[in-house]
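# A structural walkthrough
Residues per chain are reported as follows:
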Amino acid sequence: MIDFTSIQQMLEDTSRSDLPLWDNIRRSDCRTQGITPEQSWDKMSLMLDTMKASDRDYREEDRSHSGLVGGDGGKMARYAQGEKTLCGPFLSQVMAGALRMGECNACMKRIVAAPTAGACGVLPAVLLPYEKEFGVSHDQLVEALYVASGFGMIIAARASISGAEGGCQAEIGSAAAMAAPALVHLQGGSPEQMANACAMAVKNLLGLVCDPVGGLVEVPCVKRNVIGAMDALSAAQMALAGIESRVPPDQVLDAMAEVGRSLPHTLRETGKGGLAATPFGQQYMHKEA
Amino acid sequence: MNLFDILGPVMVGPSSSHTAGAVRIGLLARALLGQEPVRANLFLHGSFASTGEGHGTYQALIAGLLGLAPDDSRIPGSFELAKERGLQFTFAQRTLRDAHPNSVLIQLEGVWGGRLEMGASSLGGGRVKVFQVDGLSTSFSGELPTLVVHNSDQPGCVSQVTGVLAQEGINVATLQLNRGGRGESAVMVIECDQPIPQSTADTIRALPGILRVNCYTPEQEIHHD
């Protein structure tokens, strides 16, 4: 039984069990929710289907309320089809997927918060192109979502998944830290490698501030989904190469919590600091009621 | 907190607090009114007032009042839907004393003449808290089946109501009582572990001293359209 407060503890519990990490996560959660493993599976499977449906429903012509967001997913997808893209076809598709989902959210389409609405692009951006590139099954992707949410539970418990509380590191950073171990799972890596991938993904975005222009989930949120997806891929690849986080994963999450608490409130989703406070950003500033 | 709080909910963007939470607040107000709303005055406070327009908070609140779930693709078009269904509404900004930054006060009138005033806050991640019903302060989340009973402030009301629940095998999770003053009307908010059947609400409604009974059942994550 995993209690989702420590990565170290989760790995120890799993090493004593016959079940793989993803199934331990599922069964531990079933016990607290009072649902069967099958009910849980169906629900998680629906989350994956919903992510795919949102990606399909993207329309390049949609614009957000402020008009600042829309169309970039289409631009990136066209660039990705070119012969000499800087990042190659797979990474270009990842970037396009992150933009599409972030734009869907800003344009009031249906999305899966993962862990938040503002960071909803990171997980689908790595998982959906991965499915095409490596030909994994639906079931393997659902397993990967269990791994992602198990690590997400611990991040929420030890640090935060709210931008208002912990800055953007808590939203995009958390999403990347969930996606990285999911990718390690898909590549057949060990639970230790998943833990290292999670820790390295957090470390790379530690301190990222939440400074949305006009207080809206638009700028820079949509594009930060791209960096979250790229962070997840690089952290997962480092872990798969045998590279470890020097700072133990749980201590990395504690540092994330401490950094979040140290951020001034202007950089925690208030729309009053950072990019929001630039002359450009101030045009979109609203008066407090 | 469970796995589907982390991966989920399925919702219409862009913000779990300003959009999904706002839909939930609308749904709660609709349930507590207990009839189809025909008139609504909404007073937005704090961040709801300042960033609500860009977050679709206005459309989300109206969508909830019309009974749409937070994942309903019709949320962006809720104003047109309100017109079709005969719901008239106004929005204004108002500073609500000591309220959370994402708060709204809703005054509702129903098709059969019922009235409700409800104040609620969106706490983040789609979670909400009702802090006021008809001028009386309260605190409940709508995460559990909830019974809201308006009663006259006289001896025996609580024991009669909880007695009916006990007979029906419904376990009380929390119970709050608030009244305007001694002998005035009171509001009882009972959060339960099991859904409250219509028949149980009817039985309570027939008890002496009970003025009004409304039930709220948390919406499932159903998919519309």
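Here goes a summary of the coordinates provided. Small disclaimer: the values here were computed from a predicted structure and weren't measured.

The subject of this paragraph is empty space enclosed by the protein. All names here are of chain A. Enumeration over the complete set of coordinates arrives at one cavity of 30 Å³ or more. In this structure, the largest cavity spans a volume of roughly 30 Å³. Lining the largest cavity are Y58, R59, D62, G70, G71, E103, C104, C107 and K109. Across the lining of the largest cavity, the residue classes break down as three nonpolar, two polar and four charged.

This brings us to the layout of surface pockets. All names here are of chain A. Within this model, the second largest pocket holds a volume of roughly 230 Å³. What lines the second largest pocket is a set of 13 residues, among which D55, R100, L128, P129 and K132 lie closest to the centre. At the level of secondary structure, the elements contributing two or more residues to the lining of the second largest pocket comprise helix 3 (37-56), helix 5 (88-106) and helix 6 (122-134). Taken together, the residues of the lining of the second largest pocket break down into four nonpolar, two polar and seven charged.

Take the environment of S66(A) next. Residues and elements named next belong to chain A. The topology assignment puts S66 in the loop between helix 3 and helix 4 (72-80). A polar atom in the side chain of S66 sits 3.1 Å from the backbone nitrogen of L68. A distance of 2.4 Å separates polar atoms of two side chains, one belonging to S66 and the other to E218.

Moving on, we come to helix 3 of chain A. Look at helix 3 of chain A: 29 Å from first C-alpha to last across 20 residues, which is about the 28 Å you get at 1.5 Å a residue. Every buried residue of helix 3 of chain A is listed here: P37(A), S40(A), W41(A), M44(A), S45(A), M47(A), L48(A), T50(A), M51(A), K52(A), S54(A) and D55(A).

So, on to the packing of helix 10 (residues 191-205) of chain A against helix 12 (residues 249-262) of chain A. Residues and elements named next belong to chain A. One way to put it is that helix 10 packs onto helix 12 with a least axis distance of 9 Å and a crossing angle of 25°. Taken together, the axes of helix 10 and helix 12 lie roughly parallel to each other. As helix 10 runs across helix 12, the sense of the crossing is left-handed. Across the interface between the two elements, A195, A199, V202 and K203 from helix 10 touch P249, V252, L253 and M256 from helix 12.

We now examine the pattern of salt bridges. Residues and elements named next belong to chain A. Summed over all chains, the structure comprises 20 salt bridges over all chains. Here E61 ties to R59 by a salt bridge, and the two come within 3.9 Å at their closest N and O atoms. We classify E61 as exposed; its relative accessible area is 56%. The exposure class assigned to R59 is partly exposed, which follows from its relative accessible area of 43%. Ionic contacts of the salt-bridge type, sharing partners, join the residues R59, E61, D62 and K109 into one network.

So, about the packing of aromatic side chains. Aromatic ring pairs are defined here through the distance separating the ring centres and the angle between the ring planes. Residues and elements named next belong to chain B. Taken as a whole and judged by the stated rule, the model has ten aromatic pairs over all chains. Taken together, Y58, F79, F89 and F91 form an aromatic cluster joined through their ring pairs. In this structure, R94 is placed above the aromatic ring of F43, and the distance from its NZ or CZ to the ring centre is 3.9 Å.

Glancing now at the sheet that holds strand 8 (residues 146-152) of chain B. Residue and element names in this part refer to chain B. Strand order in the open sheet formed by four strands is 9-10-8-11, and the pairing between neighbours is antiparallel. Because the sheet does not close on itself, it has two edges, and the strands there are strand 9 (172-179) and strand 11 (210-216). Here the strands of the sheet are splayed against their neighbours by 15° on average, with no regard to which way each runs. Both strand 9 and strand 10 (residues 185-192) contribute to a ladder of seven bridges, which runs antiparallel. Considered in strand 10, the bridge of L175 is made with I190. Strands in contact with helix 2 (residues 16-33) are strand 8 and strand 11; relative to strand 11, the strand with the most contacts, it is inclined by about 145°.

What follows concerns the sheet that holds strand 5 (residues 115-124) of chain B. All names here are of chain B. Ordered in space as 3-2-4-5-6-7, the six strands form an open sheet in which the pairing is mixed. Edge positions in the sheet fall to strand 3 (88-93) and strand 7 (136-140), since each of these pairs with one other strand and no more. For this sheet, the mean angle separating the axes of adjacent strands, direction not counted, is 20°. Two strands pair when backbone bridges link them, and strand 2 (residues 37-45) and strand 4 (residues 102-110) are joined in this way by eight bridges, in the antiparallel orientation. Among the inter-strand pairings, A40 is bridged to a residue of strand 4, identified as L108. Those strands touched by helix 4 (residues 57-65) are strand 2, strand 3 and strand 4, and its axis lies near 145° from that of strand 2.

Turning our eyes to something else, we now look at the side chain of T116(A). Mapped onto the secondary structure, T116(A) falls in the loop between strand 1 (110-112) and helix 6. With near-sequence residues (within four places) excluded, T116(A) lies in contact with I161(A) and E171(A).

By convention, interface size is frequently given as the accessible area that disappears when the constituent parts associate. Each partner contributes to the interface: chain B provides 36 residues, whereas chain A provides 43 residues. The junction of chain B with chain A conceals about 3,100 Å² of combined surface from both sides, 67% of it contributed by carbon and sulfur atoms. It is L3(B), F4(B) and L7(B) in chain B that bury the most area against chain A; as a group they hold 26% of the surface buried on that side. Inspection of the chain B/chain A interface yields eight residue pairs in polar contact (both at pLDDT 80 or more). The element best represented in the side of chain B that touches chain A is helix 3 (residues 46-55) of chain B, accounting for eight residues. Of the residues assigned to the side of chain B that touches chain A, the class counts are 13 nonpolar, 18 polar and five charged. Here three bridges tie strand 1 of chain A to strand 1 (residues 10-12) of chain B, and the two strands are oriented antiparallel to one another. Paired with R110(A) across the two strands is V12(B), which belongs to strand 1 of chain B.

What follows covers the nonpolar core. One finds M44(A), L123(A), F151(A) and L7(B) to be the most contacted residues of the largest nonpolar core, which totals 88 residues. With twelve residues, the single largest contributor to this core is helix 7 (residues 138-158) of chain A. Contacts of F151(A), omitting those with residues within four sequence positions, involve I7(A), M10(A), L21(A), A177(A), P181(A), M194(A), A195(A) and C198(A).

Criteria and cut-off values
- Residues numbered from 1 in each chain as written.
- Chains lettered and ligands numbered in written order.
- Predicted model: local features only at pLDDT ≥ 70, side-chain atom pairs only at ≥ 80, totals over all residues.
- Heavy atoms only, no water.
- 1 Å grid on protein atoms, 1.4 Å probe; cavity = no way out; pocket = protein on both sides within 12 Å on 5 of 7 lines; lining within 4 Å.
- Points joined across faces, edges and corners; volume = space filled by probe spheres on them.
- Nonpolar A, V, L, I, M, F, W, Y, C, P; charged D, E, K, R; others polar.
- Helix = DSSP H or I, 4+ residues; strand = E, 2+ residues; numbered from the N terminus.
- Polar contact = N/O pair within 3.5 Å; in protein donor to acceptor, adjacent residues only side chain to side chain.
- Expected span 1.5 Å × (residues − 1).
- Buried < 20%, exposed > 50% of the residue type's maximum accessible area, 1.4 Å probe, protein only.
- Axes fitted to C-alpha atoms, helices over the stretch in contact; angles between N-to-C directions.
- Parallel < 35°, antiparallel > 145°, perpendicular 65-115°, else oblique.
- Left-handed = near helix turned anticlockwise from the far one by under 90°.
- Contact = heavy atoms within 4.5 Å.
- Salt bridge = Lys/Arg side-chain N within 4 Å of Asp/Glu carboxyl O.
- Phe/Tyr/Trp six-rings, centres within 6.5 Å; stacked < 30°, edge-to-face > 60°.
- Lys NZ or Arg CZ within 6 Å of the ring centre and 35° of its normal.
- Pairing = 2+ DSSP bridges.
- Buried area = accessible area lost by both parts, 1.4 Å probe.
- Core = buried A, V, L, I, M, F, W, Y, C linked by side-chain atoms within 4.5 Å.

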